[in-house]
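# Observations on chain architecture
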Amino acid sequence: MIRVSCLLYPLAVFCFAAMTSCTSVDKHVLGDPQNPFPLKSKPQIGEIVHMPTGTIVSEAQMLAIIGDMRIVYMGETHDNPASHRLELQVLKELAERHPGRLALGMEMFVRSQQPVLDRWVAGELDEKAFLKESHWYDNWKMNYAYYRDLLNLAREKHIPVIALDAERKLVKAVLSKTPDQLSLEEKGQLPELDETDPYHRSFVEAIFGDSSHGKLQLGGFIRAQVLRDETMAESAARYLASTVGKDRHLLILAGGDHVRNGFGIPRRVFRRIPTSYAIISGMEINVSPDKKDRMMNVTVPDFPMVPYDFMVYQAYEDLPEAGVRLGVMVEPATSGQGLVIKEVQPGSNAKLAGLLEGDRLLAIDGETIMEYFDLTYAVQQKHAGDLAKLRIERNGRELSVEVELLATQNKSSAR
């Protein structure tokens, strides 16, 4: 029989009391939970840090680590080409690692655009038809050049592209209405919503404080962000649980604020379909003065977790500026096809070619101009020194005009 000295009993009671009483004593947090192992030197462009350990890794090491994750989330800076190059590299690596078993989920598309995305991946649409049918510039409004290589690779490799986001009309309704004011149709479109996450709410409140929101109320702003994150999470989880997606891996591209700390999209996906994941995001350093106004002045609350698994330090770059513009302001013709020139800018390529106010643009390079997009897209494909062959109507007569598209410093005209 083993005997325990009675002298140990008071000590055991004391230890138990000390352990149980800690709940009523403020804890001292050692270090910064969001950056537990800070770098010992100033970060350099191109460095990749594994944030939970503070270890600098190579791109190859990061890709090897994330390769077997069911979901990889990438938080992008929408207007930084460096973000999209990193996304392209990850997409290539995952496609090689999981041939025929990878899908690409994108915040940039709302669910109603899915049929157009399917036709794009199937090779049924050229780029112009894809942009036109998806209403790219109406829904996302970013220069397509940021995403061209990603979507071309998806089509080349037959990687399904999944539209993640909520319909813009529904988001506007949630922004302006309280839940009880939504119509039955609007309520029927809502995913399962969890508005109880204190971290997500605090983060959205911080963003709201630096947003230009006019008469928008904080409650509506929070509801809209929850709606978008929940819809994107539901779209991703539904795909992974579907017959076509159950054996696939998924790369999700979204703004960094939708994935950081895991409480935007990732936690909401995990609630629906628990599975392995990793989060990657870029961090712009050495931002030039002309880009300072793009950065939000947000004081992020202290959260008890790292924002990402991998942080990639990047330069804040610009797209190459083609500098080619026609130099006209236009509006749709009131009768018939085409666009009517309302203004010809002084010194522009249009002015040098002899185009006049009131001319109706009917075709460019043999392609009929039916709407604003047709002219804009055609000019965007040109480079300095190219020719554009226009068919116009002037005073009831059709004429052919050849315009040499010289590089221009005039940035005020979009065409």
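Below: a short report on this structure. (Residues numbered from 1 in each chain as written. Predicted model: local features only at pLDDT ≥ 70, side-chain atom pairs only at ≥ 80, totals over all residues. Heavy atoms only, no water.)

With that settled, the discussion passes to the overall build of the chain. Across its full length, the chain holds 14 helices and 14 strands. Residues classed as buried in the chain amount to 46% of the 415 residues present. For the chain, contacts bridging at least 24 residues in sequence account for 72% of all contacts bridging at least 6. (Helix = DSSP H or I, 4+ residues; strand = E, 2+ residues; numbered from the N terminus. Buried < 20%, exposed > 50% of the residue type's maximum accessible area, 1.4 Å probe, protein only. Contact = heavy atoms within 4.5 Å.)

Given two aromatic rings, one states the distance between the centres and the angle between the planes to describe the pair. Summed over all chains, the structure comprises 16 aromatic pairs. Members of the aromatic cluster, each reached through a chain of ring pairs, are Phe109, Trp120, Phe130, Trp136, Tyr144 and Tyr147. The residue whose ring lies beneath Arg155 is Trp120, and the NZ or CZ to ring-centre distance is 3.8 Å. (Phe/Tyr/Trp six-rings, centres within 6.5 Å; stacked < 30°, edge-to-face > 60°. Lys NZ or Arg CZ within 6 Å of the ring centre and 35° of its normal.)

Every buried residue belonging to helix 12 (residues 265-272) is among Ile265, Pro266, Arg268 and Val269, and all of these are buried. Angular distribution of buried residues about the axis of helix 12 spans 165 degrees; they occupy a single face of the element. Contacts from the buried residues of helix 12 go to strand 3 (71-76), helix 10 (198-209), helix 11 (218-241), strand 6 (249-255) and strand 7 (277-284). (Arc of directions from axis to C-beta.)

Moving on, we come to the sheet that holds strand 4 (residues 102-110). Pairing is mixed across the open sheet formed by eight strands, whose spatial order is 2-1-8-7-3-6-4-5. Strand pairing shows two members of the sheet lacking a second neighbour, strand 2 (55-57) and strand 5 (161-165), which therefore form its edges. Ignoring strand direction, the axes of neighbouring strands in this sheet form an average angle of 25 degrees. Strands strand 3, strand 4, strand 6, strand 7 and strand 8 (310-314) of the sheet are contacted by helix 3 (residues 81-97), whose axis makes an angle of about 165 degrees with strand 3. Against the sheet, helix 4 (residues 114-121) makes contact with strand 4 and strand 5, and its axis sits at roughly 160 degrees relative to strand 5, the strand it touches most. (Pairing = 2+ DSSP bridges. Axes fitted to C-alpha atoms, helices over the stretch in contact; angles between N-to-C directions.)

This paragraph deals with the packing of helix 4 against helix 5 (residues 127-134). Packing of helix 4 against helix 5 brings their axes to within 10 Å, and their N-to-C directions diverge by 170 degrees. Classified by the interaxial angle, the pair formed by helix 4 and helix 5 is roughly antiparallel. Along its contact with helix 4, which presents Val116, Leu117, Arg119 and Trp120, the element helix 5 presents Glu127, Phe130, Glu133 and Ser134. Broken down by class, the residue content of the contact of helix 4 with helix 5 amounts to four nonpolar, one polar and three charged. (Parallel < 35°, antiparallel > 145°, perpendicular 65-115°, else oblique. Nonpolar A, V, L, I, M, F, W, Y, C, P; charged D, E, K, R; others polar.)

The next subject is the pairing of strand 7. For strand 7, the buried fraction is high: six of the eight residues fall into the buried class. Pairing between strand 3 and strand 7: five bridges, direction parallel. Residue pairing for strand 7: Val72 is matched across the bridge by Ala278. One ladder, built from five bridges, connects strand 7 with strand 8; its direction is parallel.

It is worth spelling out the side chain of Glu230 at this point. By secondary structure assignment, the location of Glu230 is in helix 11. Exposure remark for Glu230: the relative accessible area of 0% places this residue in the buried category. Only 2.8 Å separates the side chain of Glu230 from the backbone nitrogen of Asp194, close enough to count as a polar contact. Setting aside residues no more than four positions away along its own chain, Glu230 makes contact with Pro191, Glu192, Leu193, Asp194, Arg268, Arg271 and Arg272. (Polar contact = N/O pair within 3.5 Å; in protein donor to acceptor, adjacent residues only side chain to side chain.)

A separate point is the pattern of salt bridges. Here the structure, examined in full by the defined rule, presents 27 salt bridges. A salt bridge links Asp247 to Lys246; its shortest N-O distance comes to 3.3 Å. Judged by relative accessible area, Lys246 falls into the partly exposed class, the value being 48%. The closest approach of N and O atoms between Asp365 and Lys382, which form a salt bridge, is 2.7 Å. Note that Asp365 is positioned in the loop between strand 11 (360-364) and strand 12 (367-368) and Lys382 in the loop between helix 14 (372-380) and strand 13 (386-394), a separation of 17 residues in sequence. Relative accessible area serves as the criterion here: at 39%, Asp365 is assigned to the partly exposed category. (Salt bridge = Lys/Arg side-chain N within 4 Å of Asp/Glu carboxyl O.)

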